[in-house]
Each structure stands twice: as structure tokens, then as C-alpha cells.
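Residue strings, one per chain:
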Amino acid sequence: MSLSLRGRDNATRARSQGTPAANDWRPPPNRSKPMILLTDRPIDVSAAVDAVRSPSAGAVLVFLGTVREATGGRRTESLDYEAYPEMAEAKLDELEREARGQWPLTGCALVHRLGHLEIGEISVAVVVGSPHREAAFAAGKWLIDRIKQIVPIWKKENWADGTSAWVHPGLGPSGIPPEESP
Amino acid sequence: MNARVRLFAVARQIAGRDRIEIDLSEGATVADLRRALAERVPELAGILGQVTFAVGTTYADDTTPLSPNADVACIPPVSGG
């Protein structure tokens, strides 16, 4: 009993000696290494979250893009994703740095799946950590919007009717015959 | 001089290959490459007005000069996410 009381007193004394005013305490810079990844394997969301969680984060936001079954009134059976991998990684790095310049992020994971994906599978994970939630929400939205605008990754819709077509926003009908599914 | 061009997604599908070497005159720019590519693979002409090019891993515009043996990528509008 007396031992544990003395222990607590010592701890209190040690804290107050190290930091004169308790309300001025700031955590040490504790930014985790960003996780930037393109993968042919299913995205490990817990690994991405673990890479972002840190003592300085008060909020960790997770956005997942998943394969939707209906697009524009047509039924999708699956998607195939292709990337220019060296450039996609460079662009993801660049977006992570830009986001870090705009918001006080404590961690960031940007993971994109490539190859063949079935309905419901996770195609992209954006995970950001920050001291408070506002920055995490804002950075997460900005990151997924920018990923869709500038990262050289493409998806091919494999429709339920057996046809398939690359998706290129803004690229009008170019007389390309639909590719038959194997 | 030569430019090595990587093709992706619909551009790769139309051309039926993922790489193509294009011979260009010295001092050629991305605009010259765009024209030369359309002549070499006429099937691509329909989309070449709407694709972007990257030199190495950096987006370029039509005025970007190409160095000999430049690694260029033909980037149709992206659709990741």
C-alpha cells in the first residue's frame, strides 16, 4: 500500500520536473512511414490501418473503394485493373506528400489492387491518421478524388452480357469493338 | 532518334501490343510523337487527341522535348479507384 503510493508520488514528480507547465506538453513528432502499395493480392485493410495508427493520431479514417455490380443500368460481372506501375507509385507518393503539406497527418496508407476483381472486392484503400477528425476526413476525400484524377490506373468492365470495355472518362465512342470475354 | 512508347489499357488493346518504337527527328516534341504514332498505327488516331503522354514517370505536354531513347508512356484517361 505505502509502496504503491510512493511510486505514484515519484511518477508525478518526474513528470512535473520534465515539463514545467502540464498544459504545454506536446507529443514528439510521430509520423509513421507512409505505406504506398500496388498489389495483385486482396488488400489487407488491417495492415493498412495498423501502418497508420500512432500515439499522435486521434482519428484514423478508412476509405475503401469496392467493386459495384451495377453501373449505368448495366450489370458488371467483374473488373480488371491495369497500371503503369512505376508512375502510379510515383504519383501516389506525390499525393501523400501533398496531403501531408495541407493537413497535419500522422500517417497515411494508399493501397491499390491490380488484376482481376470480383463484385464486392476492395479495389482501393485510403487510410489517413491525424490528431483530429476534420483533417482526416478532408485529407481522405482529397486523396481518393486525386487518385481517380491523376494516378495511371485503368479498369476494364467485364459486363454480364459477356462483353468488356476499358473505362476512359471523357474518351467518347472511338469505334472500338467490345472485346469478347475469354 | 528513337522513342520507346509504352501503351496501356484501350491504347494497348487497339494497337495489339504494349510497346512500340517510334523514329523521330532530333529535337522532336510530344506533339511530333503524337503525329508519328497516328501515322504508324492509324487505328490509334481516333483516341490520340484525348490521351496524355508521360516522359519517364512525369506528365508531359505537347511542347515537352524528347531526348534520344526517351521512355514515353501513352496515358489514356485514367479510371482507377
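Residues numbered from 1 in each chain as written. Chains lettered and ligands numbered in written order. Predicted model: local features only at pLDDT ≥ 70, side-chain atom pairs only at ≥ 80, totals over all residues.

### Side note on the overall build of chain B
Part 1: Helices and strands together make up the secondary structure of chain B, namely three helices and five strands.
Part 2: Written out in order from the N terminus, the α and β elements of chain B read β-α-β-α-α-β-β-β.
Part 3: Considering only intrachain contacts with a sequence separation of at least 6, the fraction spanning at least 24 residues in chain B is 51%. (Helix = DSSP H or I, 4+ residues; strand = E, 2+ residues; numbered from the N terminus. Contact = placed C-beta atoms within 7 Å.)

### Details of the confidence of the model for chain A
Part 1: Of all residues in chain A, 79% attain a pLDDT of 70 or more, and the chain-wide mean is 86.
Part 2: Segment residues 1-19 of chain A is flagged for pLDDT under 50; beyond a separation of four residues in sequence, or across chains, it makes two contacts in the model. (pLDDT = per-residue confidence, 0-100.)

### A look at the interface of chain A and chain B
Part 1: Each partner contributes to the interface: chain A provides 29 residues, whereas chain B provides 19 residues.
Part 2: Looking at the side of chain A that touches chain B, the elements with two or more residues in it are strand S4 (74-83), helix H3 (85-102), strand S7 (122-130), helix H4 (133-150) and strand S8 (153-159) of chain A.
Part 3: If you tally residues by element for the side of chain A that touches chain B, the top one is H4(A), at four residues.
Part 4: For the side of chain A that touches chain B, a count of residues per class yields 17 nonpolar, seven polar and five charged. (Nonpolar A, V, L, I, M, F, W, Y, C, P; charged D, E, K, R; others polar.)

### As for helix H2 (residues 45-52) of chain A
All names here are of chain A.
Part 1: Considered for burial, the residues of H2 that qualify are Ala48, Ala51 and Val52. All buried residues of H2 lie within an arc of 95° about the axis, which places them on one face of the element.
Part 2: Residues of H2 that are buried in the fold lie against strand S1 (35-39), strand S2 (59-66), strand S5 (107-113) and S7. (Buried ≥ 20, exposed ≤ 12 C-beta atoms within 10 Å, placed from the backbone. Arc of directions from axis to C-beta.)

### Observations concerning unusual backbone geometry
All names here are of chain B.
Part 1: At alanine 9, a residue that is not glycine, the phi angle is positive and equals roughly 50°.
Part 2: As for its position among the elements, alanine 9 is in helix H1 (residues 9-15).
Part 3: Exposure remark for alanine 9: the 28 C-beta atoms within 10 Å place this residue in the buried category.
Part 4: Within the chain, asparagine 69 stands out as a residue other than glycine whose phi angle is a positive 60°.

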